[in-house]
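Chain residues, written in single-letter form:
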Amino acid sequence: MAKADDTDAGGGEEAAPAPSRNLEAIGAMIGAMVFFNFGDATMKLVADTVPTGEAVFLRCLGAVILLAAAATATGAFATLHRAFVPLMAWRSAGDVGSALTFQAALARMPFADITGILQLTPMSLTAASAIFLGAPVGWRRWTAVAAGLVGALLVIKPASSAFNPWALVVVLSVAAATLRDLSTRQMDHTVSPLIILMLSQAAVSLVALGGLFLETWVWLTPVLVAKIAAAATFTMLGHL
């Protein structure tokens with residue numbers, strides 16, 4: 001995957017990469033957001049019925065099965081040995097934290113409010129990229145980030161009687177997702193994305209399986225199975 005850290009013009013910052021690569025990256029990101037929104041909305045439909053651990057376990061297990069089949073068909077397992085590095089562990093940890101906290105909040109907050117708080121993600125990624133990766137960030141980007149922060153604070157209402165403590169759980173999900181994305185950014189680009197995602201989703205499913213000892217898991221109806229399968233597909237495509 002090509003590096004796509006473009007910067008604002010002027011101010012002595014580095015020149016941006018080729019626009020064609022940036023457009024490809026922008027298109028991929030827009031597609032990812034569309035798939036994530038469908039996946040999150042589908043998981044919201046089961047959040048009131050299926051416990052958090054069970055929902056996340058089944059969704060990720062479904063994704064692992066699909067990814068393993070795709071990796072087998074494409075020969076991606078040839079890159080498996082290069083994926084066992086510390087960055088893979090960090091990515092998996094971020095994925096675990098993000099998935100579990102987000103699903104827990106889905107069951108306890110309006111979907112629209114959660115989406116508003118997720119506007120913190122660009123701020124978190126931009127700041128973390130500047131601090132940990134040394135990415136040059138210009139004032140235009142910081143301005144856009146600040147606008148997202150203001151919008152998220154309006155949703156969270158930290159000083160209001162309408163404050164929902166589960167909003168802080170969504171913030172934790174944003175932080176975990178930032179760890180996941182920064183780790184992915186630094187991984188060996190010759191490792192197949194199918195392998196990276198398969199290992200990460202396997203880690204999430206194993207941790208979520210622990211919910212069996214903390215929650216009362218339920219038998220799924222065919223409709224619930226279909227919804228979780230759809231969520232697994234949408235989320236997998238978004239990550240890819």
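The following refers to the structure shown.

## Points about the overall build of the protein chain
Consideration 1: Looking only at helices and strands, the protein chain features nine helices and zero strands.
Consideration 2: Listed by position from the N terminus, the elements making up the protein chain come as α-α-α-α-α-α-α-α-α.
Consideration 3: Over its C-alpha atoms the protein chain spans a radius of gyration of 18 Å, differing by no more than 12% from the 18 Å that the globule rule assigns to 240 residues.
Consideration 4: Dimensions of the protein chain, computed from the C-alpha atoms along their principal axes, are close to 60 × 55 × 30 Å.
Consideration 5: Split into buried and exposed, the 240 residues of the protein chain put 40% on the buried side.
Consideration 6: Long-range contacts, defined as pairs at least 24 residues apart, comprise 85% of the intrachain contacts of the protein chain with a sequence gap of at least 6.
Consideration 7: If you sum the accessible surface of the protein chain, you get close to 12400 Å²; carbon and sulfur atoms cover 72% of it.
Consideration 8: If you average the places of the 13 positive and of the 14 negative side-chain charges in the protein chain, the two averages end up 2 Å apart.

## Let's talk about the pattern of salt bridges
Consideration 1: The tally for this structure, following the rule as stated, stands at five salt bridges.
Consideration 2: One salt bridge in this structure joins Arg82 and Asp188, with 3.8 Å as the shortest N-O distance. A residue pair is termed long-range when its members are at least 10 positions apart, and Arg82 in the loop between helix H2 (52-74) and helix H3 (86-106) and Asp188 in the loop between helix H7 (166-186) and helix H8 (193-208) qualify at 106 residues.
Consideration 3: A residue is classified by how much of its surface remains accessible, and Arg82, at 31% relative accessible area, is partly exposed.
Consideration 4: Of the residues examined, Asp188 reaches a relative accessible area of 34% and is grouped as partly exposed.
Consideration 5: Residue Asp95 is joined to Arg91 by a salt bridge in which the shortest nitrogen-to-oxygen separation is 3.3 Å. A residue pair is termed a helical-turn pair when its members lie 3 or 4 positions apart in one helix, as Asp95 and Arg91 do in helix H3 at four residues.
Consideration 6: Here Arg91 falls in the buried class, since its relative accessible area comes to 5%.

## With respect to the side chain of Asp95
Consideration 1: Overall, Asp95 belongs to the buried group, its relative accessible area being 3%.
Consideration 2: At a separation of 3.1 Å, a polar atom in the side chain of Asp95 contacts the side chain of Gln201.
Consideration 3: In contact with Asp95, other than residues within four places in its own chain, are Arg180, Ser200, Gln201, Val204 and His239.

## So, helix H5 (residues 120-132)
Consideration 1: When the terminal C-alpha atoms of H5 are compared, their 18 Å separation across 13 residues agrees well with the 18 Å that a helix rising 1.5 Å per residue should span.
Consideration 2: Close packing links the buried residues of H5 with helix H4 (111-117), helix H6 (139-156) and H7.
Consideration 3: Among the residues trailing H5, Gly134 stands out with phi positive, at a value near 70 degrees.

## Comments concerning helix H9 (residues 222-239)
Consideration 1: In this model, H9 (18 residues) spans 26 Å end to end at C-alpha, consistent with the 26 Å of a helix rising 1.5 Å per residue.
Consideration 2: The complete set of buried residues in H9 reads Leu224, Ile228, Ala231, Ala232, Thr235, Met236, Gly238 and His239. One side of H9 holds all its buried residues, which, seen down the axis, span an arc of 155 degrees. Away from its buried face, by an angle of more than 90 degrees, H9 presents the exposed residues Pro222 and Val223.

Rules used throughout
- Residues numbered from 1 in each chain as written.
- Predicted model: local features only at pLDDT ≥ 70, side-chain atom pairs only at ≥ 80, totals over all residues.
- Heavy atoms only, no water.
- Helix = DSSP H or I, 4+ residues; strand = E, 2+ residues; numbered from the N terminus.
- Rg over C-alpha atoms; globule rule 2.2 N^0.38 Å.
- Buried < 20%, exposed > 50% of the residue type's maximum accessible area, 1.4 Å probe, protein only.
- Contact = heavy atoms within 4.5 Å.
- Areas by Shrake-Rupley, 256 points an atom, 1.4 Å probe, with all protein chains shown as cover.
- Lys, Arg positive; Asp, Glu negative; His and termini not counted.
- Charge placed at Lys NZ, Arg CZ, Asp CG, Glu CD.
- Salt bridge = Lys/Arg side-chain N within 4 Å of Asp/Glu carboxyl O.
- Polar contact = N/O pair within 3.5 Å; in protein donor to acceptor, adjacent residues only side chain to side chain.
- Expected span 1.5 Å × (residues − 1).
- Arc of directions from axis to C-beta.

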